[in-house]
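The lines below spell out each chain.
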Amino acid sequence: MRPFSILFLLIFVLGFLAGCGEKKPKPRVNIPRAPVQQQAGPVLDLDRYTMEHIGEPVGDKPWMANVREVDLDQDGRLDIIACESKANTVLWLHQQADGSFVEKVLAEDMSAPVHVEAEDMDFDGDLDIIVSSMGFVFPNNDKIGVVFILENDGSQQFTPHKIIDNTDRVVDARAGDFDGDGDLDLAVAQFGYDQGVVSWMKRVGPWDFEHEVLLNLSGAIHIAVADFDGNNTLDFAALVSQQWEEVHVFLNNGRGDFQSKVIWGSTNEDYSSSGMSLCDLNRDGKPDLVFSNGDGFGPTPNPGPKPWHGVQWLENKGNGFFQFHRIGDLGGAYNPVEADVDGDGNMDVVAIASFNDWSNPESDALVWFRNDGNERFTKHVLSTDPPYMVCLVAGDFDNSGRPSFVTSGFHAYPPFDRQSRLLIWRPTPP
């Protein structure tokens with residue numbers, strides 16, 4: 001087993017950063033998998049998108065851990081909010097009428113932020129920001145995690161509220177009304193290191209929450225909130241890395257009572273889970289999950305490619321059951337998202353390769369897995385540069401009906417000659 005597994009999320013989201021040491025083995029859950037689907041070899045498609053640096057200059061070795069697409073000021077144009085983990089800041093890239101972006105610091109002293117979400121937490125008509133902070137990015141057993149909520153005064157001036165601190169390092173927090181009382185609670189992934197948890201935080205006051213642990217496992221990196229079992233209540237899923245390498249779903253009875261189950265797991269302790277997001281690839285109205293494996297974060301990076309690195313999806317079959325499908329291979333895969341890249345009405349998958357073999361200038365960096373309409377995917381390489389992108393989001397940034405992508409660069413390891421900070425990938429005009 002490799003000495004360290006993911007830690008970002010994004011988080012990685014990642015979103016993001018991971019670090020893990022040797023752990024005592026715990027009982028495994030082996031789940032039958034569908035056969036891996038065969039696909040054509042890589043097809044270079046480098047002219048489909050153009051890349052542009054946005055925001056402040058790249059500088060020296062940026063640690064842009066996470067980006068999210070959101071119309072923060074509700075002016076009809078998508079903006080970007082982002083985490084700079086080295087600078088401990090949350091940033092807003094405000095899109096202007098001409099398509100350019102103006103960068104502004106929204107919050108400082110955020111204690112290694114690695115994930116942000118925008119929600120109207122106080123129901124006053126503007127978007128607040130949920131910040132997941134690790135305290136320290138690389139492996140650490142201290143109780144240094146924090147969840148902040150940045151309260152928006154309506155003019156994009158923010159007051160920070162510390163929701164929980166002195167806890168296992170936090171990598172993802174998502175909002176939802178899990179107990180049906182009309183206010184927004186939180187589902188939280190706490191990577192920790194030797195100890196970590198998945199929990200929910202019940203709202204008991206304007207900025208007060210009670211913390212309830214649902215799963216005691218280290219290495220949780222991503223949360224996805226949806227009604228997975230079709231009972232009209234919000235559930236959530238968690239991707240757990242380290243040696244566990246599992247996807248858990250927490251099914252809710254509508255009162256904040258959760259039933260936890262493993263919906264997929266790998267027996268490969270070096271599987272290197274690295275990102276997860278909601279999707280509906282077969283357009284059947286049930287929320288599915290797309291996830292990647294290819295992490296290499298740690299004191300010494302462990303770059304791909306490995307034969308098992310790639311992207312896959314869990315098809316929601318109803319009533320809390322899911323079927324595993326392999327989408328395609330991708331060394332160092334991170335942060336897959338769904339998007340209709342070619343406008344054919346089918347939902348494709350786009351992913352980045354963070355920990356690929358960057359000594360090879362032909363290694364994949366940005367990849368499109370094209371859906372033929374029957375969930376058979378063909379791999380197209382959109383770009384072989386830059387390295388170490390760790391977060392990817394999709395959105396219609398120009399109101400054209402076509403998806404653009406925004407990526408963030410996290411440069412903790414060499415090579416340092418092709419750094420990126422924040423990039424927007426715009427579709428080439430037809």
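### Some remarks on the overall build of the chain
Summing up its helical and strand segments, the chain has 0 helices and 31 strands in all. Taken across its 430 residues, the chain has 62% of its residues classed as buried.

### A short note on the sheet that holds strand β12 (residues 158-167)
Overall, antiparallel pairing links the 4 strands, which are arranged β9-β10-β11-β12 in an open sheet. Of all strands in the sheet, those with a lone pairing partner are β9 (113-119) and β12, marking the two edges. Across the sheet, the mean angle from the axis of one strand to that of its neighbour is 15 degrees, orientation sign disregarded.

### Comments concerning the sheet that holds strand β3 (residues 43-44)
Strand order in the open sheet formed by 5 strands is β3-β28-β27-β26-β25, with mixed pairing between adjacent strands. Edge positions in the sheet fall to β3 and β25 (333-339), since each has one partner strand and no second. Examined bridge by bridge, β25 and strand β26 (residues 348-353) share 5 bridges and lie antiparallel to one another. Counted as the bridge partner of Y334 is I352 from β26.

### Thoughts on the side chain of K379
Mapped onto the secondary structure, K379 falls in strand β28 (residues 377-383). A polar contact is formed between the side chain of K379 and the backbone oxygen of D329, at a distance of 3.0 Å. Of note is the side chain of K379, whose polar atom sits 2.7 Å from the side chain of D364.

### A few points about the packing of aromatic side chains
By the definition in use, this model includes 21 aromatic pairs. Look at W264 and Y271: their rings are 5.1 Å apart centre to centre, the planes differ by 50 degrees, and that puts the pair in the tilted class. When its relative accessible area of 1% is taken as the criterion, W264 is described as buried. Members of the aromatic cluster, connected to one another through ring pairs, are W63, F138, Y334, F355, W358, Y388, F410 and Y413. Across the ring face of F416, the terminal group of K61 is positioned such that the distance to the ring centre comes to 4.8 Å. The ring centre of F321 lies 3.9 Å from the NZ or CZ of K261, which sits over that ring.

So, how was this worked out
Residues numbered from 1 in each chain as written. Predicted model: local features only at pLDDT ≥ 70, side-chain atom pairs only at ≥ 80, totals over all residues. Heavy atoms only, no water. Helix = DSSP H or I, 4+ residues; strand = E, 2+ residues; numbered from the N terminus. Buried < 20%, exposed > 50% of the residue type's maximum accessible area, 1.4 Å probe, protein only. Pairing = 2+ DSSP bridges. Axes fitted to C-alpha atoms, helices over the stretch in contact; angles between N-to-C directions. Polar contact = N/O pair within 3.5 Å; in protein donor to acceptor, adjacent residues only side chain to side chain. Phe/Tyr/Trp six-rings, centres within 6.5 Å; stacked < 30°, edge-to-face > 60°. Lys NZ or Arg CZ within 6 Å of the ring centre and 35° of its normal.

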